[in-house]
Amino acid sequence: QVQLVESGGGLVQPGDSLRLSCTATGHGFLESYAMGWFRQSPAKARESVAVISWNGISVYRLDSIKGRFTISRDDANNTIYLQMNSLKPEDTAVYYCAAGHGPDLVYGSPQYWGRGTQVTVSS
């Protein structure tokens, strides 16, 4: 039993920044789990944005966000963050937090998902 709750989404203009947060709770959550951010929009299928391992190794999955987004992890609070800078309209999507075994976040489907937080970038 694991619950993931995201926060921090909103409506911003191009060039603005947002910081998303996701906190995991439940006895089923293991500190060894990798966690990450995915996003989905009507124009594209769900895609992996960034993944961070239990020991803080980060992988950015999209060329379009490299250098603009930063994933981080606070193990003491079972929380991850996604700092998004220089936002573009193409970043508009529902952003989902996910957790599970590391390989599942990279090669398969994560075990646990949050309900998502909407990010809208528009002028």
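Nothing here was measured: the structure is a model prediction, and the numbers come from that model.

Just checking my understanding: could you explain the state of the cysteines for this structure?
Note on terminology: a disulfide is the covalent bond linking the sulfur atoms of two cysteines. All chains considered together, the criterion is met by one disulfide. With its sulfur 2.0 Å from that of its partner, cysteine 22 forms a disulfide with cysteine 97. Around the S-S axis, the bridge from cysteine 22 to cysteine 97 shows a dihedral of about -80 degrees and counts as left-handed. Of this pair, cysteine 22 sits in strand E3 (residues 18-25) while cysteine 97 is found in strand E9 (residues 93-100), placing the two residues 75 residues apart along the sequence.

Looking at this structure, I do not really get the pattern of salt bridges. What am I missing?
A side chain of one charge can pair with a side chain of the opposite charge when the charged atoms of the two come close. A complete count under the given rule lists six salt bridges for this structure. Residue lysine 66 is joined to aspartate 63 by a salt bridge in which the shortest nitrogen-to-oxygen separation is 3.2 Å. Salt bridges sharing common partners tie together Arg39, Lys44, Glu47, Arg68 and Asp91.

Could you clarify how one ought to interpret the pairing of strand E7 (residues 69-74) in this entry?
Remark: a regular strand shows side chains that alternate across the two faces of the sheet. Side chains Phe69, Ile71 and Arg73 of E7 all project onto a buried face; the interleaved residues Thr70, Ser72 and Asp74 project onto a face where none is buried. Where E7 meets strand E8 (residues 79-84), six bridges bridge the pair, whose relative direction is antiparallel. Across the sheet, residue serine 72 finds its bridge partner in E8, namely tyrosine 81. The antiparallel hairpin formed by E7 and E8 contains four residues in its connecting segment, where asparagine 78 sits at a positive phi of about 50 degrees.

It is not clear to me how the sheet that holds E7 should be interpreted in this structure. Could you clarify?
Strand pairing in a sheet takes place through backbone hydrogen bonds and is either antiparallel or parallel in direction. Spatial strand order, E1-E3-E8-E7: four strands in an open sheet with antiparallel pairing. The sheet terminates laterally at strand E1 (3-7) and E7, the two strands that pair on one side only. On average, each strand axis in the sheet is tilted by 15 degrees relative to the strand beside it, whichever way the strands run. Across five bridges, E1 lies against E3 in antiparallel orientation. Opposite glutamine 3, over in E3, you have threonine 25 as the bridge partner.

What's the story with the environment of methionine 84 in this structure? I'm lost.
Position of methionine 84 among the secondary structure elements: in strand E8. Under the relative-accessibility criterion, methionine 84 is labelled buried at 0%. It is 19 Å that separates the C-alpha atoms of methionine 84 and arginine 115, two residues lying 31 residues apart in sequence. In this view, methionine 84 contacts Asp16, Ser17, Leu18, Leu20, Arg68, Phe69, Tyr95 and Val119; residues no more than four positions away in its chain are not counted.

What counts, and where the lines are drawn
Residues numbered from 1 in each chain as written. Predicted model: local features only at pLDDT ≥ 70, side-chain atom pairs only at ≥ 80, totals over all residues. Heavy atoms only, no water. Disulfide = S-S within 2.5 Å. Helix = DSSP H or I, 4+ residues; strand = E, 2+ residues; numbered from the N terminus. Salt bridge = Lys/Arg side-chain N within 4 Å of Asp/Glu carboxyl O. Buried < 20%, exposed > 50% of the residue type's maximum accessible area, 1.4 Å probe, protein only. Pairing = 2+ DSSP bridges. Axes fitted to C-alpha atoms, helices over the stretch in contact; angles between N-to-C directions. Contact = heavy atoms within 4.5 Å.

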